[in-house]
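# Coordinates in review
Listed below, chain by chain, are the residues.
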Amino acid sequence: MEVDLDELEEEDSPYPEVRASVSNIDDPDMPALTLRMWFLGLLLLSVGGSANLFFFMRQPAPTITPSLVLLISHPLGKFLAYALPITTYQLPRLLGGTEFSLNPGPWNIKEHALIYMMANVALGTPYAIQATITANADYSYKLGYWFNVVLVLSTQLTGFGLAGLCRRFLVWPASMIWPQNLVTCTFMNTLHAEEDADRGGISRYKYFTYVGAGAFVFFWLPGYLFTALSAFSWVCWIVPNNVVVNQLFGVTSGLGLSFVTFDWTEISWLGSPLMTPWWAQVQLFGGFVLFYWIIGPVLYYTNVWNLAYFPMLTQSLFDRHGKQYNISRVVDEEHRFDQVAYDSYSPLFMPLSYAMSYLITFALSSCVFVHTLLYHGNTLLMGLKHKVVEKDDIHAKLMRAYPEVPDWWYGTVFAVCFSLAIVANEVWHTGVPVWSLLLAVLLPVAYIVPSGFLFAMAGQGISMNLLAQIVPGMLLPGQPVANMMFKAFSLQSLSEGSRFVQDLKLAHYVKVPPRAAFIAQLVATLVVPFIQLGVQQWMFHAIPDICTPGQKDLLTCPYSNVFYSASVLWGLIGPARQFGINSIYHPQLYAIIVGAFLPIPLWLWQRRFPNSWNRFINAPLILTSVLAIPPATGMNYSSWFVFGFIFQYLIRRRNFTWWSKFNYVTSAALDTGTVISVLFIFFTLGIPKNGINLRWWGNTVWENTADYLNLPLRRAPPGGIP
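These notes cover the structure that comes with them. (Residues numbered from 1 in each chain as written. Predicted model: local features only at pLDDT ≥ 70, side-chain atom pairs only at ≥ 80, totals over all residues. Heavy atoms only, no water.)

### Examining the nonpolar core
Core analysis: the biggest nonpolar cluster contains 205 residues, and Tyr292, Tyr325 and Tyr358 have the highest contact counts within it. Setting aside residues no more than four positions away along its own chain, Tyr358 makes contact with Met350, Leu466, Ile470, Trp570, Phe579 and Gln588. Ranked by size, the runner-up nonpolar core spans nine residues in total, among them Ala228, Ala231, Phe232 and Trp237. (Core = buried A, V, L, I, M, F, W, Y, C linked by side-chain atoms within 4.5 Å. Buried < 20%, exposed > 50% of the residue type's maximum accessible area, 1.4 Å probe, protein only. Contact = heavy atoms within 4.5 Å.)

### Here's the deal with helix H29 (residues 634-654)
The first and last C-alpha atoms of H29 sit 29 Å apart over 21 residues, in line with the 30 Å expected at 1.5 Å per residue. Considering bend angle alone, the principal kink of H29 is centred on Gly644 and spans about 30 degrees. By the burial criterion, the buried members of H29 are Gly634, Met635, Asn636, Tyr637, Ser638, Ser639, Trp640, Phe641, Gly644, Phe647 and Gln648. The secondary structure elements touched by the buried residues of H29 are helix H14 (264-267), helix H15 (278-301) and helix H30 (656-686). (Helix = DSSP H or I, 4+ residues; strand = E, 2+ residues; numbered from the N terminus. Expected span 1.5 Å × (residues − 1). Bend = angle between axes of the 7 residues up to and from the residue.)

### A short note on the pattern of salt bridges
Within this structure, the stated rule accounts for nine salt bridges. Arg499 is paired through a salt bridge with Glu496; the nearest N and O atoms lie 2.5 Å apart. Taken together, the residues Arg499 and Glu496, both in helix H22 (residues 480-510) and three residues apart, mark about one turn of the helix. For Arg499, a relative accessible area of 28% puts it in the partly exposed group. Beyond isolated ion pairs, a larger network of salt bridges with shared partners links Arg167, Arg168, Glu404 and Asp407. (Salt bridge = Lys/Arg side-chain N within 4 Å of Asp/Glu carboxyl O.)

### Some thoughts on a nonpolar patch on the surface
A grouping of Phe218, Leu221, Leu225, Val260, Phe262, Leu694, Trp696 and Trp697 is seen on the molecular surface, where their side chains present a nonpolar patch of about 690 Å² in accessible area. Structurally, Trp697 is set in helix H31 (residues 697-700). (Patch = residues over 30% accessible without salt bridge, like charges linked within 9 Å, V, L, I, M, F, W, Y side chains within 5 Å. Areas by Shrake-Rupley, 256 points an atom, 1.4 Å probe, with all protein chains shown as cover.)

### Examining the packing of helix H9 (residues 179-192) against H30
Here H9 crosses H30 at 90 degrees, and the two axes come no closer than 8 Å. The pairing of H9 with H30 is recorded here as roughly perpendicular in orientation. Along the contact surface, H9 presents Leu182, Val183, Thr186, Phe187 and Thr190, while H30 presents Tyr664, Val665, Ser667, Ala668 and Thr672. Of the residues belonging to the contact of H9 with H30, the class tally is six nonpolar, four polar and no charged. (Axes fitted to C-alpha atoms, helices over the stretch in contact; angles between N-to-C directions. Parallel < 35°, antiparallel > 145°, perpendicular 65-115°, else oblique. Nonpolar A, V, L, I, M, F, W, Y, C, P; charged D, E, K, R; others polar.)

### Points about unusual backbone geometry
Backbone geometry at Trp178 places phi at a positive 55 degrees, although glycine is not the residue there. With respect to the secondary-structure elements, Trp178 resides in the loop between helix H8 (167-170) and H9. Classification of Trp178 as buried rests on a relative accessible area of 0%. The backbone of Asn303 shows a phi angle near 60 degrees, a positive value even though the residue is not glycine. Of note, Asn303 is situated in the loop between H15 and helix H16 (339-345).

### What about the packing of helix H6 (residues 128-137) against helix H23 (residues 514-542)?
Angle between the axes and distance between the axes: these two values describe a pair of packed helices. Viewed as axis vectors pointing N to C, H6 and H23 meet at an angle of 20 degrees, and their least axial separation amounts to 12 Å. Considering the angle they form, H6 stands roughly parallel to H23. Seen from above, H6 lies across H23 with right-handed handedness. Here Ile129, Thr132, Ile133, Asn136 and Ala137 of H6 lie close against H23, whose contacting residues are Leu533, Gln536 and Phe540. Tallied by class, the residues present in the contact of H6 with H23 amount to five nonpolar, three polar and no charged. (Left-handed = near helix turned anticlockwise from the far one by under 90°.)

### Remarks on the side chain of Ser353
With respect to the helices, strands and loops of the structure, Ser353 is situated in helix H17 (residues 352-384). Residue classification places Ser353 among the buried residues on the basis of a relative accessible area of 0%. Of the polar contacts made by the side chain of Ser353, one reaches the backbone oxygen of Thr314; its length is 2.7 Å. Those residues in contact with Ser353 that lie beyond four places of it in its chain are Tyr292, Met312, Leu313, Thr314, Ile629 and Pro630. (Polar contact = N/O pair within 3.5 Å; in protein donor to acceptor, adjacent residues only side chain to side chain.)

### Structural notes on the packing of aromatic side chains
Within the structure shown, the criterion is met by 56 aromatic pairs. Ring geometry for Phe232 versus Phe262: centroids 5.1 Å apart, planes at 85 degrees, classification edge-to-face. Of this pair, Phe232 sits in the loop between helix H11 (220-225) and helix H12 (234-238) while Phe262 sits in the loop between helix H13 (243-249) and H14; the two residues are 30 residues apart in sequence, bridging distant segments of the chain. Relative accessible area serves as the criterion here: at 34%, Phe262 is assigned to the partly exposed category. Ring centres of Trp278 and Phe645 lie 5.9 Å apart, and the angle between their planes is 55 degrees; on these two criteria the pair is classed as tilted. Of this pair, Trp278 sits in helix H15 while Phe645 is found in helix H29, placing the two residues 367 residues apart along the sequence. On the accessibility criterion, Phe645 (34% relative accessible area) is partly exposed. What links up through ring pairs into an aromatic cluster is the set Phe259, Trp278, Phe285, Phe288, Tyr292, Trp293, Tyr637, Phe641, Phe645 and Tyr649. The ring centre of Tyr342 lies 5.9 Å from the NZ or CZ of Arg577, which sits over that ring. We note Arg652 situated over the ring of Trp659; from NZ or CZ to the ring centre the distance is 4.7 Å. (Phe/Tyr/Trp six-rings, centres within 6.5 Å; stacked < 30°, edge-to-face > 60°. Lys NZ or Arg CZ within 6 Å of the ring centre and 35° of its normal.)

Right, here's the structure in full:
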């Protein structure tokens, strides 16, 4: 009898990255929404979310990450599967008569994935909390606990509704890979599936254990014992007072031409280089080289926009005397803008890092929409017509076993939560007009699909941070609280929406039923803010001098201080003064026009030569490459690219078998081992006696350089910059 061997071949994803990390089989009978999942998930989120809120107020402080929750929940889940009774219980008929068990079987990957998804959307400190802290601490707006709850829930769940409505564009198509999820899938498969131990060589699980343990031990060197290995600006150590050399080779405020660091937290600042596809890394690093290694030095050393009077890469803004801008000099005692004081003090000057970021942001604001229409217009049109966007791959076919979540569920969440935002601002009289809230939600609505396309393919999203400050600054001048609320609503809705979409793709890969994912994400996002905001309320009532410089427990609220400064700069001083017709920065606005035309020649070129290497060129990706600066510096890019070249190019090309088995495991192990080491060092050496520091040459040599001191090329004239 003849056998068609092709029919016996297993169907799998067309993308090798997905094949290497995602299982192409499923067990539809595997339980997901179990009682032990809810117990572990809500317990870990309550503890981790509260800890993150506390750490958010402190400097320095660590962060409890979703990957850490993923690791901790695994042994706890296995313990509950071992210890809980396997008895089946039945509810009374009046309650539905449903059968349930405290222990429905072995701890499984779907339960594990749901806990991770809950952590990914709810573990961190909500961005909108910064607005509530700043309004309370700096503007004396005592809005209260319930306003804070309504604001946070409305901003987060508006993003949740948006995410669900984008599934046909960003989740179901096989081409929407979402590289971050590949690392998570590999991590979970490593923990749950150890069958590769019998295939020869070391198993993934053992390899993960060895690399994770090695990362934990090794981080003690750059993280505590020899911190110069983190800020490895060895060229600057040779000539510590040469400003130009320090600007070019420096790692604190320089361009990072030295390429090397031994600190995984610095290498993975832009995301794991073992996760981002090689074609995307080339464009991201190429964009950085173009804008900061070529154009940036030309602008800086020719003193365009008076850049040479300020440090090259810094998070600070400056006055005409080359000093950090003193916001208190342009506001009165009631935090209102003082025009007379502003005129007598100084206009606001930007260093190269901010000048370049704004220039690129203006170009990106138009480029991303033109690019999306040209490259994905047909996909959007097909999706809006509810037609098939792409042919289903194996994962989409397996997901047909589960009922899908109707769009109206997500639409209802979106409408209800946006209504909550209107209610919150009207009832508590924040001064934010309803029309501005409509505009605030239009920004994430417009950006979530273009940003999602980039995130799903290249692992890099699009930030609206600058636009979310400039737009309300233009429309609501002199209203810093309204500026903060607008910014919080726009940014939180987009960032949460992106995380929700990422989690929905993870559920797609792990074959978690869509309605289980919907319920888990919704419950986590509803529950955790109540706990976090309760902790915030307690801290402000119980801890003296919180959010003030010199607070004895280091609870100085560093992020909220930056948020306050931004609210003054863009809510009080305003973008009209910064980019108006009389400003030296006004020409930057023409980048909006340039950005609109930038994708067109690339699109025409790619249509003319569709099978050439040029098909990988992505204009928004190149532009968004540098928006991590500040706070990122050149070293974060150069070291990230070196690791990417080694793993995503050399090893993948020369030993694809090893790469397929161990690349994403290596990334997960380095992330996990390092974050545990960071937390261990913090709690054992960072908290006692407000920090136990080790002072020797290896921990101070990098601090005695012009790079660390942020020295500018020129000193401002005695009378100030004209």
